[in-house]
Amino acid sequence: MEKFIPDENRLKSVSENYKAIKHRVEEAAIKAGRDPNDVRLMAVTKTVESVYINKAIEIGADLIGENRVQEYLGKKDELNLDGVEKHLIGHLQTNKVKQIVGEVDMIESVDSIKLAKEISRVSSNKGVTTDVLVEVNVGKEDSKSGIYIESLEELLCEIAELESIRINGLMTIPPICESEKEVYKYFETMYKSFIDIKDKKIDNVNMSILSMGMSGDFEAAVASGSNIVRVGSAIFGARKYF
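Okay, so let's go over this structure. Keep in mind the model is a prediction, meaning the values are calculated, not measured.

Helix and strand counts for the protein chain stand at 9 helices and 8 strands. Its C-alpha radius of gyration of 18 Å places the protein chain within 12% of the 18 Å reference for a compact globule of 242 residues. Taken along the three principal axes of its C-alpha coordinates, the protein chain extends 50 × 45 × 30 Å. Across the protein chain, every contact between residues at least 6 apart in sequence was considered, and the portion connecting residues at least 24 apart equals 61%. On the protein chain, roughly 12,200 Å² of surface is accessible, and the fraction owed to carbon and sulfur atoms is 46%.

Laid out in structure tokens, this is it:
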């Protein structure tokens with residue numbers, strides 16, 4: 001097998017990009033009258049080789065997000081993960097739950113009671129409690145997974161009854177929008193729902209995390225109340241699909 005040789009220019013750009021995005025996240029928080037320490041920057045590592053992920057970690061990334069179970073498990077042993085929080089952010093099939101529970105700190109993409117029940121069952125069998133976010137399909141797009149806002153509270157209450165699973169908040173990916181105003185509309189809808197549910201103080205529903213905003217819209221997300229932004233290509237460069 002041919003030895004992988006990292007691109008020195010890309011290593012340098014990952015370092016510079018991470019620092020620049022981190023600064024922009026902090027500036028967006030300050031502009032919105034928020035404490036910059038309340039917003040976390042997630043480095044999204046889909047299709048990114050381990051050496052570049054490790055460079056981001058070296059620069060200060062303490063939260064990474066992976067989309068695919070097999071891809072994360074295939075490279076985790078090459079990553080310097082001491083002190084780094086790991087989230088699964090992609091769609092999770094029930095038949096992959098057994099492989100990922102206990103391997104990451106949080107699953108951000110719970111979108112059905114069926115999936116939640118499997119996470120609960122596997123977590124109980126492994127003797128762990130799994131932290132999750134419920135994914136909301138805020139734009140009601142057929143191409144995206146996630147629960148509609150109208151059904152959100154009912155799903156949260158169902159999941160809250162399960163053992164070995166702990167709800168920590170909500171995650172969303174809004175539709176691709178033509179205007180900033182449209183993006184804000186989706187983010188503000190999510191924030192309102194997040195606050196409404198938090199105010200209801202439902203048992204075992206801890207609304208502490210609102211994960212929204214990616215490379216193209218994270219500043220609008222921060223302004224709208226997000227406290228985790230998920231940034232991949234703006235840190236690591238355009239994705240390579242193999």
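What follows continues from the structure just given.
Within soluble globular proteins, side chains that are nonpolar tend to cluster in buried spots. Membership of the largest hydrophobic core comes to 68 residues, with the highest contact counts inside it found for Leu92, Ile107, Ile119, Ile159, Leu170 and Ile235. With 7 residues, the single largest contributor to this core is helix 1 (residues 8-31). Ignoring anything within four residues of it in the chain, the contact list for isoleucine 107 reads Leu88, Leu92, Ile100, Val101, Ile119, Thr130, Asp131, Val132 and Leu133. Counting residues in hydrophobic clusters, the runner-up holds 9 residues, among them Val44, Leu63, Ile89 and Ile209.

Here we take up the packing of helix 6 (residues 149-160) against helix 7 (residues 180-200). Interhelical geometry of helix 6 versus helix 7 gives an angle of 30° and a closest axis separation of 11 Å. Accordingly, the angle class assigned to the pair helix 6 and helix 7 is roughly parallel. Between helix 6 and helix 7 lies a crossing of right-handed hand. For the pair helix 6 and helix 7, the contacting residues are Ile149, Leu152, Glu153 and Leu156 in the first and Thr189, Met190, Ser193, Ile197 and Lys200 in the second.

This next bit is on helix 6. For helix 6, spanning 12 residues, the distance from its first C-alpha to its last is 17 Å, which sits close to the expected 16 Å at 1.5 Å a residue. Looking at helix 6, one finds that the buried residues are Leu152, Leu155, Leu156, Ile159 and Ala160. Take helix 6 and look down its axis: the buried residues cluster within an arc of 130°, on one side only. Away from its buried face, by an angle of more than 90 degrees, helix 6 presents the exposed residues Glu150 and Glu154. For helix 6, the elements touching its buried residues are strand 4 (106-110), helix 5 (113-126), strand 5 (130-136), strand 6 (165-172), helix 7 and strand 7 (205-211).

A few words now on the pattern of salt bridges. One pass over the full model with this rule turns up 17 salt bridges. Here glutamate 49 and arginine 10 are joined by a salt bridge, their closest N and O atoms 3.2 Å apart. Separated by 39 residues along the polypeptide, glutamate 49 in the loop between strand 1 (40-44) and helix 2 (50-59) and arginine 10 in helix 1 bring together distant segments of the chain. Accessibility classification places glutamate 49 together with arginine 10 in one group, the buried group. Glutamate 66 is the partner of lysine 75 in a salt bridge, and the nearest nitrogen-oxygen pair spans 3.1 Å. Here lysine 75 and glutamate 66 have matching classes, each one buried.

Moving on: the environment of glutamate 27. Looking at where glutamate 27 falls in the secondary structure, it is placed in helix 1. With relative accessibility at 43%, the residue glutamate 27 sits in the partly exposed group. The sequence separation of glutamate 27 and aspartate 105 amounts to 78 residues, and the corresponding C-alpha distance is 28 Å.

Now for the packing of aromatic side chains. Counted under the stated rule, the structure contains 1 aromatic pair. In this structure, arginine 10 is placed above the aromatic ring of tyrosine 52, and the distance from its NZ or CZ to the ring centre is 4.2 Å. In this structure, lysine 185 packs its charged tip against the face of tyrosine 186, placed 5.1 Å from the ring centre.

Along an α-helix, a turn takes 3.6 residues, which lines up residues three or four apart on a common side. The terminal C-alpha atoms of helix 7, which comprises 21 residues, lie 31 Å apart, in line with the 30 Å expected from a rise of 1.5 Å per residue. Of the residues making up helix 7, those classed as buried are Val183, Tyr186, Phe187, Met190, Ser193, Phe194 and Ile197. Buried residues in helix 7, looked at end-on, bunch into an arc of 120°, giving them a common side. The exposed set on the far side of helix 7, more than 90 degrees from its buried face, consists of Glu180, Lys181, Lys192 and Asp199.

The rules behind these values
Positions within a chain are numbered from 1, following the residues in the order the chain's sequence is written. A pLDDT threshold of at least 70 governs which residues receive local features in this predicted model, and a stricter bar of 80 or more applies before side-chain atom pairs are shown or counted, although totals over entire chains, interfaces and linings include all residues. To obtain the side-chain values, all non-hydrogen atoms of the structure were used and water was disregarded. Secondary structure elements follow DSSP: runs of H or I no shorter than four residues count as helices, runs of E no shorter than two count as strands, and numbering proceeds from the N terminus. C-alpha atoms define the radius of gyration, and 2.2 Å times the number of residues to the power 0.38 defines the globule rule. Here a residue-residue contact requires only that any non-hydrogen atoms of the pair lie within 4.5 Å. For accessible areas, the Shrake-Rupley method is used with a probe of radius 1.4 Å. Any residue's cover is judged against the shown protein chains and nothing else. Put simply, a nonpolar core is a bunch of buried Ala, Val, Leu, Ile, Met, Phe, Trp, Tyr and Cys residues held in one set by side-chain atoms that sit within 4.5 Å of each other. Think of it in three bands: with a 1.4 Å probe and only protein chains considered, a residue is buried below 20% of the maximum accessible area for its type, exposed above 50%, and partly exposed in between. Axis lines are fitted through C-alpha atoms, for helices just across the contact stretch, and the angle between N-to-C directions can take any value from 0 to 180 degrees. Any angle between 65 and 115 degrees counts as roughly perpendicular, while under 35 counts as roughly parallel, over 145 as roughly antiparallel, and the rest as oblique. With the far helix as reference, a near helix turned anticlockwise by less than a right angle produces a left-handed crossing, and one turned clockwise produces a right-handed crossing. A helix is expected to reach a length of 1.5 Å times the quantity of its residues less one. The arc in question is formed by the directions pointing from the helix axis toward the C-beta atoms. We define a salt bridge as a side-chain nitrogen of Lys or Arg found within 4 Å of a carboxyl oxygen belonging to Asp or Glu. Each Phe, Tyr or Trp ring, with Trp reduced to its six-membered ring, pairs with another whose centre is within 6.5 Å; inter-plane angles below 30 degrees give stacked pairs, above 60 give edge-to-face pairs, and intermediate values give tilted ones. For a Lys NZ or an Arg CZ to count as sitting over a ring, it must be within 6 Å of the ring centre and within 35 degrees of the ring normal.

Any functional reading would require information beyond the geometric quantities listed.
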